[in-house]
Amino acid sequence: MNYRHAFHAGNFADVIKHIVLARIITYLQDKPGAFRVIDTHAGAGLYDLESDEARRSGEWLTGIARLMQARLSNDAVAVARPYLDIVRAFNPKSELRAYPGSPLIARGLLRPQDRLVACELEPKARKALINVLRRDEQARVVDLDGWVALPAFVPPKERRGLVLIDPPFEAKDEFEKLGDAFSAAFAKWPTGIYVIWYPAKSRRATDTLVQSVVRLAAAAKPPAKCLRLEFSVAPQLDGAALTSAGLLIVNPPYTLQGELKTILPELEIPLGQGGAARFRLEVPRP
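Residues numbered from 1 in each chain as written. Predicted model: local features only at pLDDT ≥ 70, side-chain atom pairs only at ≥ 80, totals over all residues. Heavy atoms only, no water.

(A) Structural detail: the overall build of the chain. Summing up its helical and strand segments, the chain has eleven helices and ten strands in all. A principal-axis box enclosing the C-alpha atoms of the chain has dimensions of 45 × 45 × 40 Å. Across the 286 residues of the chain, 55% fall into the buried class. Long-range pairs, those at least 24 residues apart, make up 76% of the contacts in the chain with a sequence separation of at least 6. If you sum the accessible surface of the chain, you get close to 13200 Å²; carbon and sulfur atoms cover 51% of it. Taking the average place of the 39 positive charges on the side chains of the chain and the average place of its 32 negative ones, the gap between the two points comes to 4 Å. (Helix = DSSP H or I, 4+ residues; strand = E, 2+ residues; numbered from the N terminus. Buried < 20%, exposed > 50% of the residue type's maximum accessible area, 1.4 Å probe, protein only. Contact = heavy atoms within 4.5 Å. Areas by Shrake-Rupley, 256 points an atom, 1.4 Å probe, with all protein chains shown as cover. Lys, Arg positive; Asp, Glu negative; His and termini not counted. Charge placed at Lys NZ, Arg CZ, Asp CG, Glu CD.)

(B) Representation of the layout of surface pockets within the structure. What the second largest pocket holds in volume is close to 590 Å³. Around the second largest pocket, the lining comprises 27 residues; the ones closest to its centre are I193, N251, P252, P253 and Y254. Looking at the lining of the second largest pocket, its residues break down into 16 nonpolar, five polar and six charged. (1 Å grid on protein atoms, 1.4 Å probe; cavity = no way out; pocket = protein on both sides within 12 Å on 5 of 7 lines; lining within 4 Å. Points joined across faces, edges and corners; volume = space filled by probe spheres on them. Nonpolar A, V, L, I, M, F, W, Y, C, P; charged D, E, K, R; others polar.)

(C) Spatial organisation of the pairing of strand β8 (residues 226-232). Among the seven residues that make up β8, seven are buried, leaving the element largely enclosed by the rest of the structure. Burial of β8 is two-sided: the residues C226, R228, E230 and S232 facing one way and the residues L227, L229 and F231 facing the other way are all buried. Of the strand pairs in this sheet, β8 and strand β9 (residues 244-250) are connected by seven bridges, and their pairing is antiparallel. For C226, the partnering residue across the bridge sits in β9 and is V250. As paired strands, β8 and strand β10 (residues 278-282) are joined by five bridges and run antiparallel to one another. Paired with S232 across the bridge in β10 is R278. (Pairing = 2+ DSSP bridges.)

(D) Seen up close, the pattern of salt bridges. Inspection of every chain in the model, using the stated rule, returns 17 salt bridges. Between E230 and R228 there is a salt bridge whose closest N-O contact spans 2.8 Å. Across the pair, R228 and E230 agree in class, each one buried. Residues joined by salt bridges that share partners form a network here, namely R203, D207, R228, E230, R280 and E282. (Salt bridge = Lys/Arg side-chain N within 4 Å of Asp/Glu carboxyl O.)

(E) The arrangement of the sheet that holds strand β4 (residues 115-119) in detail. Pairing is mixed across the open sheet formed by eight strands, whose spatial order is β5-β4-β1-β6-β7-β9-β8-β10. The strands lining the two open edges of the sheet, one partner per strand, are β5 (139-142) and β10. On average, adjacent strands in this sheet sit at an angle of 10 degrees to one another, irrespective of strand direction. In this fold helix α9 (residues 174-188) packs onto β6 (161-165), β7 (193-199) and β9, with an angle of close to 175 degrees to the strand it touches most, β7. In the packing of helix α11 (residues 256-271) onto the sheet, the strands contacted are β8, β9 and β10, and the crossing angle to β8 comes to about 5 degrees. (Axes fitted to C-alpha atoms, helices over the stretch in contact; angles between N-to-C directions.)

(F) Quick look at the packing of helix α2 (residues 12-28) against helix α5 (residues 74-89). Running from amino to carboxyl end, α2 crosses α5 at an angle of 95 degrees, the nearest separation of the two axes being 8 Å. The angle between α2 and α5 places the two elements in the roughly perpendicular class. Counting all contacts with α2, which are made through D14, V15, H18, I19, A22, R23 and T26, the residues of α5 involved are A78, V79, P82 and Y83. Among the residues making up the contact of α2 with α5, the classes are represented as seven nonpolar, two polar and two charged. (Parallel < 35°, antiparallel > 145°, perpendicular 65-115°, else oblique.)

(G) Broad picture of the nonpolar core. If you look at the biggest cluster of nonpolar residues, it comprises 93 residues, and the most contacted ones within it are I64 and Y83. When residues of this core are assigned to their parent elements, the largest contribution, eleven residues, is made by α2. (Core = buried A, V, L, I, M, F, W, Y, C linked by side-chain atoms within 4.5 Å.)

Here it is in C-alpha cells:
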C-alpha cells in the first residue's frame, strides 16, 4: 500500500496515533530531566486540509473533524486535551483548515530542555518540514532514511524519550524492514519508549511483526512490556481504503493503558463509518 501523509492527514489513524503520542509525551513531562523525541518518518509537518490531496481523500472529515464535534465525557476530554489543544492552535478561528503531523504534535509538547529529531528523506516533504520548523533550536530535521536513522540515533544523550516509527508502507518488505530496524535500535536502547504504527490489512503480517517485537522485549533484562492497540472504523476489505490501523508501544507509560480504556470506547461512534468502530487493546504475550 502507499500511505502518503498528505492524503491521509487527520484521518482516524492519525487521531488515534496522535492521542497516544501526546499522552506519552505528557507522561515524560512529569520528570524534570530532559527527553528526546525521534520521529523516523516525519513527513511534511503541517498539512493543508484544503489542498487537492486532502480534498480528494476527504479522510479528515471522518477523523479529526468528527472528534472536534464529539461530545466526550470529562475524563475522555482530559485524555484528549494535549492533542486537541495543539490542533486548535493551528486553527485559531475554530475552522479546521490545517492539521499538524507528528513532528508538530511532539514539538508543541516539548519543554525548553527537550529536543526533537525528525527524519524525512522525500525532498518535497523535507523542505516543507524545514520551513515549519525554521530557526527552531529544539528541533532538527535530518535528511536520512528512517531505517538508517533508527539505530543510529539511539540512545539519545538524554537517555529518556520516545521513538515514533511511522513509515509510509510503500515497499512490500516494509514490515520486515521495520522489524529489523527495531531489533537493532532496541539492542542499543532497551529502556526507550517505542511507538510503532502499522496498517492492519494483513493479519499474518501484523501478528508476525507484533510477535517478533514482543519476543525481543520479553528477552531484555529486565523484560520490557508492550501494549497493542488496533482500531477499526469498518471491516477491512481487500483492495479497499485503510479502515484498520494499529499501534504497538514498547515500554509504555504505566498510565497509558488506563487512559486508553477511558477514551477509546467514546471514539467508537464518532469515528465509525457505516456503524460503530471497534478497538482491541491488549498486553501481548510472547
